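# Structural features, examined
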Amino acid sequence: MTTYAYIRVSTTEQNEDRQLDAMTALDIPDFRIFMDKLSGKDFNRPAYQRLLRKLKPGDTLYIQSIDRLGRNYEDIQAQWRVLTKDKGVDMVVLDMPLLDTRQGKDLMGTFIADLVLQILSFVAQNERETIHKRQAEGIAAAKSRGVRFGRPIKKPPADFSQVVNQWERGELLIDGVLEQTGLKPATFYRRLREMREERGYQKV
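Summary of the structure given here. This is a predicted model, so every value here is computed, not measured.

Applying the stated criterion across every chain, the model contains 7 aromatic pairs. Relative to Y48, the ring of Y6 has its centre 5.2 Å away and its plane inclined at 75 degrees; by these criteria the two rings are edge-to-face. Taken as a pair, Y6 in strand β1 (residues 3-9) and Y48 in helix α2 (residues 46-54) lie far apart in primary sequence, 42 residues in all. Residue Y6 is classed as buried on the basis of its relative accessible area of 0%. Measuring from centroid to centroid gives 6.3 Å for W167 and Y189, while their planes differ by 70 degrees, and the two rings are edge-to-face. With a gap of 22 residues between them, W167 in helix α6 (residues 160-168) and Y189 in helix α8 (residues 185-199) connect regions that are remote in the sequence.

In structure tokens:
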């Protein structure tokens, strides 16, 4: 029997120290601690997939909380079955002692563990959906106030029309135009179209 640990944080900016300290306190060696810095929306995570290939019947897998395993209700349920039934691995969720498959392997113990798992996995997904909803509402509110998202728009220089006139008269090559305006080709032609539309010229 071998003990493993799985740690997950959603982004590279989040701190994994709390989870790592908990696993180190259990004397789980570093090479058996697997960590992903990815969203919990699914299980297509490199470290988790490597862990799955390592696990054998009788091994024990520790996680800090059920949302570190994932945040999709149905996926968590399915993955729990893969680990505990298909692979024969014992699961220990440190933040929820009732989710310890080493204990209570009788019918009542299994029933309680399954019930707790369903509740916690539902909470994990609901929290994820709430976060996304708040993000969407925040973006919509910001847009209504005129906040722009994405890269800032590159404006043409004040003498853009003069440079264009030189280019149209053949006095400047396109490389010279791009150098003088500081624009990339796609941006230059976009600004050229906008300028011609404003003046009633034919599009290019």
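After that view of the structure, there is still more to cover.
Here we take up the sheet that holds strand β4 (residues 90-93). Strand pairing in a sheet relies on backbone hydrogen bonds. The paired strands run either parallel or antiparallel. Reading across the sheet, the 4 strands line up as β2-β1-β3-β4 and stay open at both edges, with parallel pairing between neighbours. In this open sheet, the two edge strands, each paired with only one partner strand, are β2 (33-37) and β4. The mean angle between the axes of side-by-side strands here comes to 20 degrees, regardless of whether they run parallel or antiparallel. Pairing geometry for strand β3 (residues 60-63) and β4, over 4 bridges, is parallel. Of the residues in β4, the one forming a bridge with Y62 is V92. Contacts from helix α1 (residues 17-25) reach β1, β2 and β3, with the element oriented near 170 degrees to β1. With respect to the sheet, α2 is in contact with β1, β2 and β3, its orientation differing from that of β2 by roughly 155 degrees.

What counts and how
Residues numbered from 1 in each chain as written. Predicted model: local features only at pLDDT ≥ 70, side-chain atom pairs only at ≥ 80, totals over all residues. Heavy atoms only, no water. Phe/Tyr/Trp six-rings, centres within 6.5 Å; stacked < 30°, edge-to-face > 60°. Helix = DSSP H or I, 4+ residues; strand = E, 2+ residues; numbered from the N terminus. Buried < 20%, exposed > 50% of the residue type's maximum accessible area, 1.4 Å probe, protein only. Pairing = 2+ DSSP bridges. Axes fitted to C-alpha atoms, helices over the stretch in contact; angles between N-to-C directions. Contact = heavy atoms within 4.5 Å.

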